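Single-letter residue listing:
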Amino acid sequence: MSESYITRGSTIAARVLDGEMIVMNSEDSTFFTLNEVATVIFQAADGRTPLREIVRTRVCEQFDIDPEQAQADAEHFVAELSGHGILLVSDQPLTPEASL
Amino acid sequence: MISAPRKVACVEIGALPISLSTSHGRFFDLLLQRYEGFLSASRPECELEFDIIDASPVSDEDVSVRREGPQWRLERGDFSARWDPRTGQGSVRQNANPYSLDSVLRILHSLILAQRGGFLLHAASAICDGHAYLFSGVSGAGKTTMARLAPRDVTLLTDEISYLRPDDQTYRAFGTPFAGELAKAGENCSAVVSALFFLEQGPENRIDELPCAEAVRRLMRNILFFAEDPALVEKLLASACDFVTRVPIRRLTFYPDARVWEEVRRFEGVPAHV
């Protein structure tokens, strides 16, 4: 099974306010608020850590959640945000330069 | 050939004095008239030199604001400008139309304010009992209506573009000459912002809380910003989040008659003396 790596898009502005992660794409002014689980994944999106490892070591450790369900939810979340340019996804590690 | 001497006026909006110079006599007169209440003897922080060209009516084209090396380049069908934030100096080529001049100034202020934690907001603003109140919303939501309904003792800062800067632990709203449908410049004064209301018209007057994220979303949607620059957008989002933590933001549903101002007066926002 191939791994997927995620990093934040280069046109993204993000801020935590009142416990919620607010994310904005400056290219098209789309605006998202992330729930707690999505926030953990977003913050861990360094381009080097496989998504599966993020789910296992961050999400499942912090939240009482079934690993398979967590992985499915994470993949759904990543697909949605990558569709809006918030996250970039690759089957190879992404360096910061590569994501610019 | 000897060129005509340049005339200079300093226009101070939001406590930011900018000198505007031109050798075009009619344009200079227009400038003095348009910014009459905002002329200043302060030492300018920025300088813009205007060259007036005959062509190009006011344009509906999208404005383009982008970095070119250390400079900003501002372009629309009716103007072309460069501004260097390191020196504060810039040059503008535009026709003698006041709307083009307003647009250039608004863009320049938005760029400078973004660096200083402030912003321009699509909102009417007014000082009532020493407090500044902001009324924002989409076109037609009631910004100009709120300005028209204001009692006599209320000082109008603008019916269209509010000017906001951080001030110690809160924010200050300044009057601007940028008018909307009211076609009347605001007063050149300022006050601590007591509250921001997002307007919706309805059968009765009521004030409702807005969740923080929703408040930020609405705020960002109404901030005037033109540059496609991720670093500045990041700063703006930070400013918007800061604003939301310091200023009460509410939804004001209102029936368009004078009683809405009684509701505003009763609202307990940030104290005026902060």
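Being a predicted model, the structure only gives us computed values, none of them experimental.

**As for the overall build of chain A**
Part 1 of the argument: When its secondary structure is counted, chain A shows 4 helices and 6 strands.
Part 2 of the argument: When the helices and strands of chain A are placed in sequence order, the string is β-β-β-β-α-β-α-α-β-α.
Part 3 of the argument: On C-alpha atoms alone, chain A measures out to a radius of gyration of 13 Å, which is about the 13 Å that the 2.2 N^0.38 rule sets for 100 residues.
Part 4 of the argument: The principal-axis extents of the C-alpha atoms in chain A amount to approximately 35 × 35 × 20 Å.
Part 5 of the argument: Relative to its full complement of 100 residues, chain A shows a buried share of 27%.

**Let's talk about unusual backbone geometry**
All names here are of chain A.
Part 1 of the argument: The residue Asp18 is not glycine, and still its phi comes out positive at about 55°.
Part 2 of the argument: Secondary-structure assignment places Asp18 in the loop between β2 (12-17) and β3 (20-25).
Part 3 of the argument: Accessibility expressed as a C-beta count within 10 Å gives 13 for Asp18, which makes it partly exposed.

**Overview of the pairing of strand β4 (residues 64-68) of chain B**
Residues and elements named next belong to chain B.
Part 1 of the argument: Where β4 and strand β5 (residues 71-76) come together, 5 bridges link them in antiparallel fashion. Looking across to β5, one finds that Arg67 is bridged to Trp72.
Part 2 of the argument: Joining the antiparallel neighbours β4 and β5 is a turn of 2 residues, in which Gly69 adopts a positive phi near 65°.

**A word on the interface of chain B and chain A**
Part 1 of the argument: In this assembly, 12 residues from chain B lie in contact with 12 residues from chain A.
Part 2 of the argument: The set of elements that each furnish at least two residues to the side of chain B that touches chain A consists of α4 (212-222) and α5 (230-246) of chain B.
Part 3 of the argument: Considering only residue class, the side of chain B that touches chain A consists of 10 nonpolar, no polar and 2 charged.

**Focus: the sheet that holds strand β3 (residues 46-52) of chain B**
Residue and element names in this part refer to chain B.
Part 1 of the argument: Pairing within the open sheet is mixed, and its 7 strands lie in the order β1-β2-β3-β7-β6-β5-β4. Every other strand in the sheet has two partners, leaving β1 (7-13) and β4 as the edge strands with one partner each. Strand-to-strand, the axes of this sheet are offset by a mean angle of 20°, without reference to chain direction.

**A look at the domain arrangement of chain B**
Residues and elements named next belong to chain B.
Part 1 of the argument: Domain boundaries assigned for chain B yield domain 1 (7-115) and domain 2 (119-266).
Part 2 of the argument: When each unit is reduced to the centre of its C-alpha atoms, the spacing between domain 1 and domain 2 is 25 Å.
Part 3 of the argument: Of the residues lining the interface, 20 residues belong to domain 1; the matching set on domain 2 comes to 20 residues.
Part 4 of the argument: Looking at the side of domain 1 that touches domain 2, the elements that each hand over two or more residues are β4 and α2 (98-115).
Part 5 of the argument: In terms of residues, the side of domain 1 that touches domain 2 owes the most to one element, α2, which gives 9 residues.
Part 6 of the argument: Split by residue class, the side of domain 1 that touches domain 2 holds 10 nonpolar, 5 polar and 5 charged.

**Details of helix α2 (residues 51-62) of chain A**
The α-helix advances 3.6 residues per turn, and as a result positions three or four apart in sequence lie on the same side.
Residues and elements named next belong to chain A.
Part 1 of the argument: Its 12 residues give α2 an end-to-end C-alpha distance of 15 Å, which sits within 8% of 16 Å, the value for a rise of 1.5 Å per residue.
Part 2 of the argument: The complete set of buried residues in α2 reads Leu51, Ile54, Val55 and Val59. One side of α2 holds all its buried residues, which, seen down the axis, span an arc of 95°. Summarising the geometry of α2, the exposed residues directed more than 90 degrees from the buried face are Thr57 and Glu61.
Part 3 of the argument: Taken together, the buried residues of α2 touch β1 (5-8), α1 (36-43), β5 (46-50) and α3 (67-83).

**Some thoughts on the packing of α4(B) against α5(B)**
Residues and elements named next belong to chain B.
Part 1 of the argument: Here α4 crosses α5 at 130°, and the two axes come no closer than 9 Å. Comparing their axes, α5 and α4 come out oblique. Seen from above, α4 lies across α5 with right-handed handedness. The residues of α5 that touch α4, namely those facing Cys212, Ala215, Val216, Leu219 and Met220, are Leu237, Ala240, Cys241, Phe243 and Val244.
Part 2 of the argument: Looking at the contact of α4 with α5, its residues break down into 10 nonpolar, no polar and no charged.

**Here's the deal with the packing of α1(A) against α2(A)**
All names here are of chain A.
Part 1 of the argument: Close contact between α1 and α2 brings their axes to 10 Å; oriented N to C, the two are set at 145°. Crossing hand, α1 versus α2: right-handed. Of α2, the residues touching α1 (which contributes Val37, Val40 and Ile41) are Ile54, Arg58, Val59 and Gln62.

**Here we look at the sheet that holds β5(A)**
Residues and elements named next belong to chain A.
Part 1 of the argument: Judged by pairing direction, the sheet is antiparallel, and its 3 strands sit side by side in the order β5-β1-β6 without closing on themselves. In the strand order of this sheet, the two ends are held by β5 and β6 (87-90), each with one partner. Within the sheet, the average angular offset between the axes of one strand and its neighbour, ignoring direction, is 25°.
Part 2 of the argument: Contacts from α2 reach β1 and β5, with the element oriented near 75° to β5.
Part 3 of the argument: Where α3 meets the sheet, its contacts fall on β1 and β6, and the angle it forms with β6 comes to roughly 115°.

The rules behind each value
Residues numbered from 1 in each chain as written. Chains lettered and ligands numbered in written order. Predicted model: local features only at pLDDT ≥ 70, side-chain atom pairs only at ≥ 80, totals over all residues. Helix = DSSP H or I, 4+ residues; strand = E, 2+ residues; numbered from the N terminus. Rg over C-alpha atoms; globule rule 2.2 N^0.38 Å. Buried ≥ 20, exposed ≤ 12 C-beta atoms within 10 Å, placed from the backbone. Pairing = 2+ DSSP bridges. Contact = placed C-beta atoms within 7 Å. Nonpolar A, V, L, I, M, F, W, Y, C, P; charged D, E, K, R; others polar. Axes fitted to C-alpha atoms, helices over the stretch in contact; angles between N-to-C directions. Domains from an automatic or database assignment. Expected span 1.5 Å × (residues − 1). Arc of directions from axis to C-beta. Parallel < 35°, antiparallel > 145°, perpendicular 65-115°, else oblique. Left-handed = near helix turned anticlockwise from the far one by under 90°.

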